[in-house]
Amino acid sequence: MHRRLTALLGITSPLFAMALGVAAPQAAASTTVVLAPWVSCTDFWCRNETDDTYRVDVVVNCGFGIERVTRAWLPAHRTTSVNGGCGSRSEPCANDSKSSCSHSNPIFGIRYDNVVIDNRPIPPWPFGGTGSSF
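As the structure is a prediction and not an experimental result, all values here were calculated from the model.

1. Here we look at the nonpolar core
Ranked by size, the top nonpolar core spans 15 residues in total, and within it Leu35, Val56, Val58, Leu74 and Tyr112 carry the most contacts. Mapped onto this core, the elements with two or more residues apiece are strand 1 (32-36), strand 2 (39-42), strand 4 (54-61) and strand 5 (67-74). Residues contacting Tyr112, with those up to four places away along its chain left out, are Leu35, Cys41, Asp43, Phe44, Trp45, Cys46, Val56, Asp57, Val58 and Val82.

2. With respect to the sheet that holds strand 9 (residues 109-117)
With respect to topology, three strands assemble into an open sheet ordered 5-4-9, the strand pairing being antiparallel. Edge strands, defined here as strands with exactly one partner in the open sheet, are strand 5 and strand 9. Neighbouring strand axes in the sheet, compared pairwise and without regard to direction, differ in orientation by 20° on average. In terms of strand pairing, strand 4 meets strand 9 through seven bridges, oriented antiparallel. Considered in strand 9, the bridge of Asn61 is made with Gly109.

3. Points about the state of the cysteines
The full count for this structure, using the stated rule, is three disulfides. Each sulfur in the disulfide pair Cys41 and Cys46 lies 1.9 Å from the other. Torsion about the S-S bond of the Cys41 and Cys46 cystine: about 105°, corresponding to right-handed handedness. In this model Cys93 forms its disulfide with Cys101; the gap between the sulfur atoms is 1.7 Å. When the S-S torsion is 105°, as for the bridge of Cys93 with Cys101, the disulfide is right-handed. Judged by its relative accessible area of 25%, Cys101 is partly exposed. In the protein chain, the bonded cysteines, taken in the order they occur along the sequence, pair up as 1-2, 3-4, 5-6.

4. So, the environment of Trp45
Relative to the elements of secondary structure, Trp45 occurs in strand 3 (residues 45-48). Spatially, the C-alpha atoms of Trp45 and Thr79 are 6.8 Å apart, while their sequence positions differ by 34 residues.

The rules we used
- Residues numbered from 1 in each chain as written.
- Predicted model: local features only at pLDDT ≥ 70, side-chain atom pairs only at ≥ 80, totals over all residues.
- Heavy atoms only, no water.
- Core = buried A, V, L, I, M, F, W, Y, C linked by side-chain atoms within 4.5 Å.
- Buried < 20%, exposed > 50% of the residue type's maximum accessible area, 1.4 Å probe, protein only.
- Helix = DSSP H or I, 4+ residues; strand = E, 2+ residues; numbered from the N terminus.
- Contact = heavy atoms within 4.5 Å.
- Pairing = 2+ DSSP bridges.
- Axes fitted to C-alpha atoms, helices over the stretch in contact; angles between N-to-C directions.
- Disulfide = S-S within 2.5 Å.

Shown next, in the form of structure tokens:
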């Protein structure tokens, strides 16, 4: 009996894991996007391992055909957070319907376009671009 249970678990466990992987939403998975050799982004974070500064256009998908475009600079040898969003909306608060609460609109995806080397001084945030580095 013990051998049958072990054999059954040995077969069903990988099948269960594969089923979970198929059922998991793709938005939950963080896929690394390589923009250039040694420059890559995952979600709203980019890493630049080169000696150059890169400029990239960030396109945020807000759904319903709405896209917001912002520009980010990726300094040399830094990890940079890329800021971009779909705005917010006001709704009555759950605990006090007379008050208004602000909620961020969902983001359905992010895309990085027009990646170029730009070693000029980085413009001051927020007017020239987005992001903070460390």
